[in-house]
Every structure is written in C-alpha cells, then in structure tokens.
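Letter by letter, the chains look like this.
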Amino acid sequence: MNIGVLALQGSVAEHLKLITSVNKKIGAVPVRTIDELATVDGLIIPGGESTTLRKLMDDFNLYTPIRERIVAGMPVWGTCAGLILLADRIEGERPYFALLDVDVKRNAYGRQADSFVAEGDFAGMYINMVFIRAPMITRVGGGVDVLAEHNGTPVAVRQGHILATSFHPEMCPRDSRVHKYFCNMVESKE
C-alpha cells in the first residue's frame, strides 16, 4: 500500500517523512506523473501556493486523473493550499476540484509574517496546529464533519474519504498523529 504526496510544490518532504514514520506497512511516494499517481492508494495535496499548484497540475495533465481517482473513492487529504483546491467554493475565484462541501477564504489568517501555532482538539487528540497564510473555512456543508476548530472556526474537516486541514500538521515533525489518522483512512478503504 502506498500514500502519494503531490510533489509539484509545497511541503512534500515533510509529509513523506511523517507517513513513513507512522506506518511501516505503507510506502510514501512523491507523485509528479500520471504513472506515479496510478501506484498510490491515497493522496496528500500539500500546502504551498494553490495558484501555482493549479497551473502545475494543468501543465502535467494531472487534474483529470486526480479528480477521477478522488471521485472513485481514493482517500485524499488537502493541507492549506490542498484545502483550497478541494473546496466547492473559494471566495473571489473559481474552484478547482470542487469535491469538498465547504466555502473557503484564502489567506484569511494573515500574511506569512502573521504565521502562528495554536493548540486544539483534533478528533479527540490535543495537537499543535501551525497556520501559515492559512485559508479559513467559512461554511461547512451538511455532510461534512468538523474535526477541529480554532476560536470557533472549523480548521479540519472530513467528508467521507476527503480530509482537509487549514493548518500544517507536517510542520510538527515530532507529532505524527494527524498523518496516522490519514493512514487509517487509507487502510480502511482496502
């Protein structure tokens, strides 16, 4: 079993390392091509710059194969920019995958200089949450479960096989519990 990390831009190495550390039965592989995508059972769309990720996925002809795999039930986790790409609605712009029933507002937690770490409950686990130019979830659809909040606003959600976080769990290298949560999602699909 393999979990892929979309390796076009963003915090790829950090996700790969954490996936490898939590479950020795699951391989962690970078995904840059359609052939690499075909080898994975789950996919992480990392943080980075969502506009750049859109352009690169289009340039590498990855949009359709990724979307088809997600629609077919492949577990996917979007962190920060990945959340933006999965959202049904994005304030002021056209959605990309439009598979997660949430509305988001880009960079709602401030600029790079405004980055911060908060603590909170994620699905019953008390964790650190690193916010870097993070999107805010402004609306959650009826079929979406809120897994974590910050100041009363959802920052982690799950809709079936789709997981999304406004924050960056990969920036807490000593805490792999959110990665383990995603590994369990992938394993339970088998």
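Novice: I would appreciate a short explanation of the sheet that holds strand β9 (residues 136–140) in the present structure.
Specialist: The strands making up a sheet are joined through hydrogen bonds of the backbone, oriented either antiparallel or parallel. Spatially, β5-β6-β9 is the arrangement adopted by the three strands of the open sheet, whose pairing is mixed. In the strand order of this sheet, the two ends are held by β5 (87–90) and β9, each with one partner. Between one strand axis and the next, the sheet turns through 35 degrees on average, direction left out of account.

Novice: Which parts of the structure should I look at to understand the side chain of H179?
Specialist: Locating H179 in the fold gives a position in helix α6 (residues 177–189). For H179, a relative accessible area of 0% corresponds to the buried category.

Novice: What exactly am I supposed to notice about the pattern of salt bridges here?
Specialist: Close approach of charged atoms allows side chains of opposite charge to pair. One pass over the full model with this rule turns up 11 salt bridges. Ionic pairing is found between K55 and D59, a salt bridge with its closest N-O pair at 2.8 Å. In this pair, K55 and D59 are both assigned in helix α3 (residues 50–59), four residues apart and thus about one turn of the helix distant. A residue is classified by how much of its surface remains accessible, and D59, at 48% relative accessible area, is partly exposed.

The rules behind each value
Residues numbered from 1 in each chain as written. Predicted model: local features only at pLDDT ≥ 70, side-chain atom pairs only at ≥ 80, totals over all residues. Heavy atoms only, no water. Pairing = 2+ DSSP bridges. Helix = DSSP H or I, 4+ residues; strand = E, 2+ residues; numbered from the N terminus. Axes fitted to C-alpha atoms, helices over the stretch in contact; angles between N-to-C directions. Buried < 20%, exposed > 50% of the residue type's maximum accessible area, 1.4 Å probe, protein only. Salt bridge = Lys/Arg side-chain N within 4 Å of Asp/Glu carboxyl O.

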